[in-house]
Amino acid sequence: MDIKEMIFELCRACGVSGCEEPALAAAKKLLEPYAEVTEDSNGNLYAELGNAAAGKTILLDAHIDRIGFIVTDINSEGFVKVDKCGGIDVRVLQNARITTQDGKLTGTVCCLPPHLSSGSEDKAEPISKVWADFGMTGDEVKRYIKPGDVLSFVSKPRMLLGSRMTSPALDNRCSVAALIKAAELIKDWDVPYRVVILLSSQEETFGSGAVTGAYKVNADEAIAVDVSFASQPDVSGQYSKIELDGGPMIGISPILNKKMTGKLISICESDGRKYQLEPISGKTGTNADHIAISRGGVKTAMVSIPQRYMHTAAEVVSLGDVESTAALLADYIMCGGAFDD
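Because the structure is predicted, anything quoted here is derived from the model rather than measured.

Asks: Can you tell me about the pattern of salt bridges, naming the residues and giving the values?
Replies: Scanning the entire structure with this criterion turns up 10 salt bridges. Residue lysine 29 pairs with glutamate 9 through a salt bridge whose shortest N-O separation is 2.8 Å. In this pair, lysine 29 is assigned in helix H2 (residues 21–31) and glutamate 9 in helix H1 (residues 3–12), connecting sequence segments 20 residues apart. With its nearest N and O atoms 3.4 Å apart, the salt bridge here joins glutamate 184 to lysine 181. Taken together, the residues glutamate 184 and lysine 181, both in helix H4 (residues 170–186) and 3 residues apart, mark about one turn of the helix. The exposure class assigned to glutamate 184 is partly exposed, which follows from its relative accessible area of 23%. Exposure remark for lysine 181: the relative accessible area of 17% places this residue in the buried category. Several salt bridges share partner residues, and in doing so they unite Asp271, Arg273 and Asp331 into one network.

Asks: Account for the nonpolar core, with residues named and values stated.
Replies: Nonpolar side chains in soluble globular proteins generally cluster together in the buried interior. Judged by nonpolar contacts, the single largest core of 60 residues is most densely connected at Ile7, Leu10, Leu31, Ile197, Leu199 and Ile223. Sorting elements by how many residues they give to this core places H4 first, with 10 residues. In contact with leucine 10, not counting residues within four places along its chain, are Ala26, Ala27, Leu30, Arg173, Val176, Ala177 and Ile180. Counting 21 residues, the second largest nonpolar core, distinct from the first, contains Ile127, Val130, Ala132 and Phe134.

Asks: I'd like to hear about the packing of H1 against helix H8 (residues 319–334), residue by residue, with values.
Replies: Relative orientation of the contacting elements H1 and H8 amounts to 100 degrees, with a least axis distance of 10 Å. As the angle between them shows, H1 and H8 are arranged roughly perpendicular. Where H1 abuts H8, its residues Ile3, Lys4 and Ile7 lie against Leu319, Val322 and Glu323.

Here is what the cut-offs are and how they apply
- Residues numbered from 1 in each chain as written.
- Predicted model: local features only at pLDDT ≥ 70, side-chain atom pairs only at ≥ 80, totals over all residues.
- Heavy atoms only, no water.
- Salt bridge = Lys/Arg side-chain N within 4 Å of Asp/Glu carboxyl O.
- Helix = DSSP H or I, 4+ residues; strand = E, 2+ residues; numbered from the N terminus.
- Buried < 20%, exposed > 50% of the residue type's maximum accessible area, 1.4 Å probe, protein only.
- Core = buried A, V, L, I, M, F, W, Y, C linked by side-chain atoms within 4.5 Å.
- Contact = heavy atoms within 4.5 Å.
- Axes fitted to C-alpha atoms, helices over the stretch in contact; angles between N-to-C directions.
- Parallel < 35°, antiparallel > 145°, perpendicular 65-115°, else oblique.

Have a look at this one:
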């Protein structure tokens, strides 16, 4: 499938952290032509390729959940009280369009008109003051929505100029698409290792999917694939140098395996492909932190796709970076990982 259509299909699925079922269904359909696909009781999806009888296993992980909201109350007038389910950016919530898990109901986050504001309300409201309006009375709303339900930003993926696209849930559905594309690239190759793709649950809230999934797979090597920060106006420091269309970001951190990181870099340099470095002084903030300490420890690397406007309804990535990430993962596997170095 075309990478753009793959990402669009994945981003349209809800799948808020802890309620990943719609996203799992979309990913399963996309992966089944290339691998044997299974699920577990914790909301993880596994796809296995290569030589199942091999003595070595390479794990590729990308979390499939997305940020969203959880309903905590519904008042008598029909307004729906929400709280964060993941790292919602409250600065962009006012008047945001949100939807139910099944996509059948659309509402808007309540916003005080500027005409009625004294100016003190101009700063972002804390999540404790956020309500949503579905245009119904209290009794009507309660027929469709109840406390504990999850809501998400309305997903309308759009292409921008060139190869760039914008959508909610690109964190981390673009990485899921990169893993599916990698599976497509290696499906007919004589892969000498067992390769397991893990689309893990609950990264945005707790990371339990990677914890249990990595334990189950018991890999020798793992690469966690996620998004990270790309340059935009007013960003300073190291991320001001990270460009969209600049290629995948290869992580360097105390918790990451130096040999694997070096192999990823050498693959890029061997044929002049673009890549960018992401030095991190401690935890990576990704599933790599969980996977690396699974069981007795797993050699782990991290590859990230550059993204602007993370955790908003208008995240932006380059399709070229997604495809380059998929190609790097496929070539790393076919080069034998870091086993033979």
